[in-house]
Amino acid sequence: MKQFKQSLSLERVRQITSADVSGSPDIVLDSVSEPADATASSIIFWEQEKYFDAVSASLAGLIITTAEGAKRLPGRHILITDKPYFTLLKLVSYWLRICSTQIQHEIKSSAVIDPAAKIGSPVSIGENCVIGKDCVIGDGCRISANCIISDGSVLGENCLLYPNVTIYEDSVIGSEVIIHSGAVIGADGFGFLLMEGIQQKIPQIGNVVIGDRVEIGANSCVDRATLGSTIIGEGTKLDNMVHIAHNCVIGRHCMLCAQVGLAGSTKLGDYVYLAGQVGVAGHLKIGDRAMVGAQSGITHEIPADSKYFGSPALEAITMKRILASQKNLPDIYRFYLKHNKSNT
Amino acid sequence: MKQFKQSLSLERVRQITSADVSGSPDIVLDSVSEPADATASSIIFWEQEKYFDAVSASLAGLIITTAEGAKRLPGRHILITDKPYFTLLKLVSYWLRICSTQIQHEIKSSAVIDPAAKIGSPVSIGENCVIGKDCVIGDGCRISANCIISDGSVLGENCLLYPNVTIYEDSVIGSEVIIHSGAVIGADGFGFLLMEGIQQKIPQIGNVVIGDRVEIGANSCVDRATLGSTIIGEGTKLDNMVHIAHNCVIGRHCMLCAQVGLAGSTKLGDYVYLAGQVGVAGHLKIGDRAMVGAQSGITHEIPADSKYFGSPALEAITMKRILASQKNLPDIYRFYLKHNKSNT
Amino acid sequence: MKQFKQSLSLERVRQITSADVSGSPDIVLDSVSEPADATASSIIFWEQEKYFDAVSASLAGLIITTAEGAKRLPGRHILITDKPYFTLLKLVSYWLRICSTQIQHEIKSSAVIDPAAKIGSPVSIGENCVIGKDCVIGDGCRISANCIISDGSVLGENCLLYPNVTIYEDSVIGSEVIIHSGAVIGADGFGFLLMEGIQQKIPQIGNVVIGDRVEIGANSCVDRATLGSTIIGEGTKLDNMVHIAHNCVIGRHCMLCAQVGLAGSTKLGDYVYLAGQVGVAGHLKIGDRAMVGAQSGITHEIPADSKYFGSPALEAITMKRILASQKNLPDIYRFYLKHNKSNT
């Protein structure tokens, strides 16, 4: 159950969601819950038949459901909407926003901030953070405990870093960026040259540039460029354990699901969707709005608006046909064995 | 070599392992070792022929081997058992247990604990830990250095957190849970809705619930639920870099090997085994005791007691047949080219 | 742009690179840059036609390019070489080396070092580091903020640990090793035995041994051995999020790209190359100089000097033929359907 600091009347909920209600406008609601945990001040939602008994037995003060659903729940306070789950999430977003306390300017005494760093106000900087020389931390940033921001890195306004984030030197991070725990921004790209039997390190002297409103999942890595910048475009979202190699350039509003890996210098357009565990080879271009199925391996350029899957990936429609035929391969093989023999 | 604080006589070793021994019951043993590093007080084991010379030349005080092996090692102190490696591990488990020092109640002065947290006793809390408001840390917990436990999280008794673990708000963790370094529990699920060209964040207000005796590998991530809870059942083990998305429900005593990824809302039964790098799509149900081969991609429901592999995965027996036929595909293709031409 | 603390005259650049120059030997250069950001003291390089306009318009004081390229850039200061990018990197390596300040002996007051640890000199130990009992830190090591080095671990000389690295007990790390942020060295191997319905933990009492000049990427994990040691040979490089299971033995000068995973007890020879997201099953041997394509799944032994790809992997030449035939599988299937029917 999620308890909110501020309660809402049913009338207020109605206004926020623009939905129809049945029930007293004065009921007071203060939480969102699963059916079983709900109290008289909780909101729940109901969409799927299999949860009817749980919803019906729930003590919830308000049920968000469809007009159809409402008929099955007589005597309850109902918020009627075509998309109960979506409406609930919309309400929660609003509720979180009005409950979010104004950030208080607070720098914990255990945080170590270089005198040559420029710290905005208000900001919140947690225990044991280390902020290096010439860093700039914009107004409204919240840096949680044990984060490291190395020399020369810049954060825009209103960023949120969860605990244990590491940012290497000279990273440039936009505004309203969210970075989850364990993420590493700006580690060296993986560049070596085999010379005289030794993997010689290619210096990685570029940096990482992250656009506004990017979100980076837990334990993801964005490597710094060899020269120039590894770039993540505005509004793009990375899930957990995503790997972005040196010199990649990712467009705006892309979605990279968990455990995706991009090799070096690959370019993604805008609104590209890579499902979980996709791998993309280096130096490729993926067009705008391309969609790639889970576990696919992209080995060549992909045009805008295309759908691919498989490893190596083919156009989705082609790959589907191949997979459908593939199920019959043992039969085809037997046929071949019989006729190949009889023909020769 | 693993040196134990407490030594054991051969007689004691015999009692613990219920195995037969040849040699003086008074020999004193204090370590487990590789053959080459062994001293007169070390135990080694021998199973594979290729190690005979090393074992034979070893200074080890005791060799665990089979009755067959014993005949080849005359004049040595031997512990005879059908499964030498297994017997050694059993002995080591016992030995570690009797040597484990009673946990001393100690909270390092650099740890920052909210006054509204409830800390059991004895507990050990390492340097630079941060424990938030309303957290509960059960008796016997050992929290290593630089761990973050965020507001409202609860740990049962005798948990062991290695350094640099991050636990987000409101996580509920059972007793005797082991969490390795870099693991992140409770980060936001990856939920966005594309609206007016922007990936709008879906609030993630659920939590994570982890059962008793779960072990979570290094750098693994278990995301919090959108609503409700992401749940890991009692006794389940996660290897390194495993990704569990929001609202997954994992049964009891499952094994998820390294780099496995589950998409959102997927449900695993009990005793499910997912080999390394397996990916499971969202909103699926995997039955009890299902076994999935490495790198497989699960795209649909899998019944209990089934074996699957491949990407997309098929029943193992079907996939094996397809792969066997697939090797002949170039020959089949040549046959097709020849006969297709001649027939048209 | 990368600004160096020390500037170089064009004459000096010529000497370092052994390349031909056109332009005044007295020009002073202090940075390496992208064309657009360059100043009169910046060096840029030009190889690809598509960048001609940018290079031509650049204010750069020196352009590294080929003899052909030089003709297209009259009136500019040019360094002429067959491999412009390579020459630039060579120059940068040299430049970084001469600019690297002598390490100052400095142990931050917030670092907690066990009195029974042996710390070399000079060393640099960052904020909030924790170094355990009986650790040895060699001369010239730089341990960045928030690193944990657990009891009994040994680092050779001139190692560089980025922030938030975790090293478990009894790890042995060579000289000139680089470990990136979030890496975890020595966590427990994933070993359990199902007994009486419970996954019983197999004690992991071995350790990790890492050779000289190894580099380990961000958020990678190298697990400790059950008995004995997990070993990474001299000069081997691991990219980000690589998983090395217990008891693996990796040879010298190997390259393991991002998100590779090795199951337990697998052995790699020298100069093995595993591309991104490759998985290798346990207890296998991969021969020297073997090369494995991205996302491949290795399920059996692979000889030296071989090339494999696919999941499960086959020899590259075989797999290429299969994939080429596979595209025609829908046609082959139709042919089969027609003729199988007509024949029966």
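Residues numbered from 1 in each chain as written. Chains lettered and ligands numbered in written order. Predicted model: local features only at pLDDT ≥ 70, side-chain atom pairs only at ≥ 80, totals over all residues. Heavy atoms only, no water.

Help me out: how do you make sense of the interface of chain B and chain C in this one?
The figure often quoted for interface size is the accessible area lost as the parts come together. Between chain B and chain C, the contact holds 51 residues from the first and 57 residues from the second. A combined buried area of about 4300 Å² lies between chain B and chain C, and 66% of that area is made up of carbon and sulfur atoms. The largest per-residue losses of area from chain B upon contact with chain C belong to Gln-295, Leu-329 and Tyr-336 of chain B, which jointly make up 12% of the total buried on that side. Linking chain B to chain C there are one salt bridge. Here chain B and chain C share 23 residue pairs in polar contact (both at pLDDT 80 or more) between them. Secondary-structure elements contributing two or more residues to the side of chain B that touches chain C are helix 4 (84-99), strand 27 (237-238), strand 30 (255-256), helix 5 (316-326) and helix 6 (329-343) of chain B. The element that contributes the greatest number of residues to the side of chain B that touches chain C is helix 6 of chain B, accounting for nine residues. For the side of chain B that touches chain C, the residue count by class is 27 nonpolar, 17 polar and seven charged. (Contact = heavy atoms within 4.5 Å. Buried area = accessible area lost by both parts, 1.4 Å probe. Salt bridge = Lys/Arg side-chain N within 4 Å of Asp/Glu carboxyl O. Polar contact = N/O pair within 3.5 Å; in protein donor to acceptor, adjacent residues only side chain to side chain. Helix = DSSP H or I, 4+ residues; strand = E, 2+ residues; numbered from the N terminus. Nonpolar A, V, L, I, M, F, W, Y, C, P; charged D, E, K, R; others polar.)

Looking at this structure, I do not really get the interface of chain B and chain A. What am I missing?
Facing 57 residues of chain B, the contacting portion of chain A comprises 52 residues. Across the chain B/chain A interface, buried area totals approximately 4300 Å², and carbon plus sulfur atoms make up 66% of it. Inspection of the chain B/chain A interface yields one salt bridge. When the shortest N-O distance is used, the salt bridge between Glu-215 of chain A and Lys-201 of chain B registers 2.9 Å. Linking chain B to chain A there are 22 residue pairs in polar contact (both at pLDDT 80 or more). Every element with two or more residues in the side of chain B that touches chain A is listed here: strand 21 (192-195), strand 22 (198-201), helix 5 and helix 6 of chain B. Looking at which element gives the most residues to the side of chain B that touches chain A, the answer is helix 6 of chain B, with five residues. Across the side of chain B that touches chain A, the residue classes tally to 28 nonpolar, 24 polar and five charged.

Can you help me understand the sheet that holds strand 1 (residues 2-9) of chain C in this one?
The pairing of strands in a sheet happens through backbone hydrogen bonds and is either parallel or antiparallel. All names here are of chain C. Pairing is mixed across the open sheet formed by six strands, whose spatial order is 1-3-4-5-6-2. Each of the sheet's edge strands pairs with one partner strand only, and the pair in question is strand 1 and strand 2 (20-22). Going from strand to strand, the sheet's axes swing by 30 degrees on average, the running direction of each strand aside. Bridge analysis of strand 2 against strand 6 (residues 78-80) gives three bridges, and the strand direction is antiparallel. Among the inter-strand pairings, Val-21 is bridged to a residue of strand 6, identified as Leu-79. Contacting strand 1, strand 3 (28-32), strand 4 (42-45), strand 5 (62-65) and strand 6, helix 4 (residues 84-99) runs over the sheet at an angle of about 95 degrees to strand 1. (Pairing = 2+ DSSP bridges. Axes fitted to C-alpha atoms, helices over the stretch in contact; angles between N-to-C directions.)

What exactly am I supposed to notice about the relation of the copies chain B and chain A here?
The operation relating the pair of chain copies consists of a rotation about an axis and a translation along that axis. When chain B is fitted to chain A, the residual RMSD is 0.1 Å, and the transformation amounts to a turn of 120 degrees plus an axial shift of 0.0 Å. Taken together, the turn and the small shift mark the pair as related by a three-fold rotation axis. (Least-squares fit on C-alpha atoms with pLDDT ≥ 70 in both.)

Quick question: what am I supposed to make of empty space enclosed by the protein here?
Gaps left between atoms show up when a probe the size of a water molecule is rolled over them. Enumeration over the complete set of coordinates arrives at four cavities of 30 Å³ or more. Taken together, 17 residues form the lining of the largest cavity, with Asn-164 and Gly-182 of chain A, Gly-182 of chain B together with Asn-164 and Gly-182 of chain C sitting closest to its centre. Grouping the constituent residues of the lining of the largest cavity by class yields four nonpolar, 13 polar and no charged. For the second largest cavity, the calculated volume is near 60 Å³. (1 Å grid on protein atoms, 1.4 Å probe; cavity = no way out; pocket = protein on both sides within 12 Å on 5 of 7 lines; lining within 4 Å. Points joined across faces, edges and corners; volume = space filled by probe spheres on them.)

What am I meant to see in a negative patch on the surface here?
All names here are of chain A. A contiguous patch of negative charge, built from Asp-134, Asp-151, Glu-169 and Asp-170, is present on the exposed surface. You can see Asp-170 is positioned in the loop between strand 17 (166-167) and strand 18 (172-173). Given the relative accessible area of 36%, Asp-170 is considered partly exposed. (Patch = residues over 30% accessible without salt bridge, like charges linked within 9 Å, V, L, I, M, F, W, Y side chains within 5 Å. Areas by Shrake-Rupley, 256 points an atom, 1.4 Å probe, with all protein chains shown as cover. Lys, Arg positive; Asp, Glu negative; His and termini not counted. Charge placed at Lys NZ, Arg CZ, Asp CG, Glu CD. Buried < 20%, exposed > 50% of the residue type's maximum accessible area, 1.4 Å probe, protein only.)

I tried to follow the sheet that holds strand 23 (residues 207-210) of chain B on my own but got confused; where do I start?
Residue and element names in this part refer to chain B. Read from one edge of the open sheet, nine strands run 9-12-15-18-23-26-29-32-35, paired in parallel fashion. Of all strands in the sheet, those with a lone pairing partner are strand 9 (118-119) and strand 35 (285-286), marking the two edges. Relative to strand 15 (residues 154-155), strand 12 (residues 136-137) runs parallel, the two sharing two bridges. Each residue of the ladder has a partner; that of Val-136, found in strand 15, is Val-154.

For this particular structure, what's the right way to read the confidence of the model for chain A?
A low pLDDT means the predicted coordinates there should not be read in detail. Mean pLDDT for chain A: 95, with 99% of residues reaching 70 or above. Scoring the predicted complex yields pTM 0.95 and, for the interface, ipTM 0.93. (pLDDT = per-residue confidence, 0-100.)

Mind showing me how you'd approach the side chain of Thr-81 of chain C here?
Residue and element names in this part refer to chain C. Structurally, Thr-81 is set in the loop between strand 6 and helix 4. Among the residues examined, Thr-81 registers a relative accessible area of 13% and is labelled buried. Here the side chain of Thr-81 touches Lys-83 through a polar contact of 3.3 Å, landing on its backbone nitrogen. Once residues lying within four places of it in the same chain are set aside, the contact partners of Thr-81 are Ala-19, Ile-64, Thr-65, Thr-66 and Thr-87.

How should I be thinking about the state of the cysteines in this particular structure?
By definition, a disulfide links two cysteine residues through a covalent bond between their sulfur atoms. Evaluated as defined, the whole model comprises zero disulfides over all chains. Free of any disulfide, Cys-159 of chain B has its nearest neighbouring cysteine sulfur in Cys-141 of chain B, separated by 4.3 Å. (Disulfide = S-S within 2.5 Å.)

Help me understand the packing of aromatic side chains in this model?
Residue and element names in this part refer to chain A. This model, assessed by the stated rule, comprises 24 aromatic pairs over all chains. Ring plane angle 45 degrees and centroid distance 5.2 Å describe the contact between Phe-45 and Tyr-85, whose orientation is recorded as tilted. Of the two residues, Phe-45 sits in strand 4 (residues 42-45) while Tyr-85 sits in helix 4 (residues 84-99), which places them 40 residues apart along the sequence. The partly exposed category is assigned to Phe-45, whose relative accessible area is 24%. By relative accessible area, which is 28% here, Tyr-85 ends up partly exposed. (Phe/Tyr/Trp six-rings, centres within 6.5 Å; stacked < 30°, edge-to-face > 60°.)

Explain the pattern of salt bridges here, please?
Close approach of charged atoms lets side chains of opposite charge pair. Considering all chains together, one arrives at 33 salt bridges over all chains under this definition. A salt bridge links Glu-106 of chain A to Lys-108 of chain A; the shortest N-O distance between them is 3.2 Å. Its relative accessible area of 28% is what places Lys-108 of chain A among the partly exposed residues. Taking the shortest distance from any N to any O, the salt bridge between Lys-201 of chain B and Asp-188 of chain B comes out at 2.8 Å. Of this pair, Lys-201 of chain B sits in strand 22 while Asp-188 of chain B sits in the loop between strand 20 (184-185) and strand 21, placing them 13 residues apart in sequence. For Lys-201 of chain B, a relative accessible area of 29% corresponds to the partly exposed category. Residues joined by salt bridges that share partners form a network here, namely Glu-176, Arg-213 and Glu-234 of chain A.

How should the pairing of strand 4 (residues 42-45) of chain B be read in this particular structure?
Along a regular strand, successive side chains alternate from one face of the sheet to the other. Residues and elements named next belong to chain B. Note that strand 3 (residues 28-32) and strand 4 share two bridges and pair parallel. Pairing of Val-32 across the sheet is with Ile-43, part of strand 4. In terms of strand pairing, strand 4 meets strand 5 (residues 62-65) through three bridges, oriented parallel. Counterpart to Phe-45 in the pairing with strand 5 is Ile-64. Regarding topology, helix 2 (residues 52-57) serves as the crossover connection from strand 4 to the parallel strand 5, and that connection is right-handed. (Right-handed = clockwise from strand over helix to strand, strands pointing away.)

Before we go on, may I ask you to explain the environment of Asp-20 of chain B in this structure?
Residue and element names in this part refer to chain B. Here Asp-20 lies in strand 2 (residues 20-22). For Asp-20, a relative accessible area of 55% puts it in the exposed group. Considering only alpha carbons, one finds Asp-20 and Ile-64, 44 residues apart in sequence, at a separation of 10.0 Å. Sequence-distant contacts of Asp-20, that is, excluding residues within four places in its chain, are made with Ile-78, Leu-79 and Ile-80.

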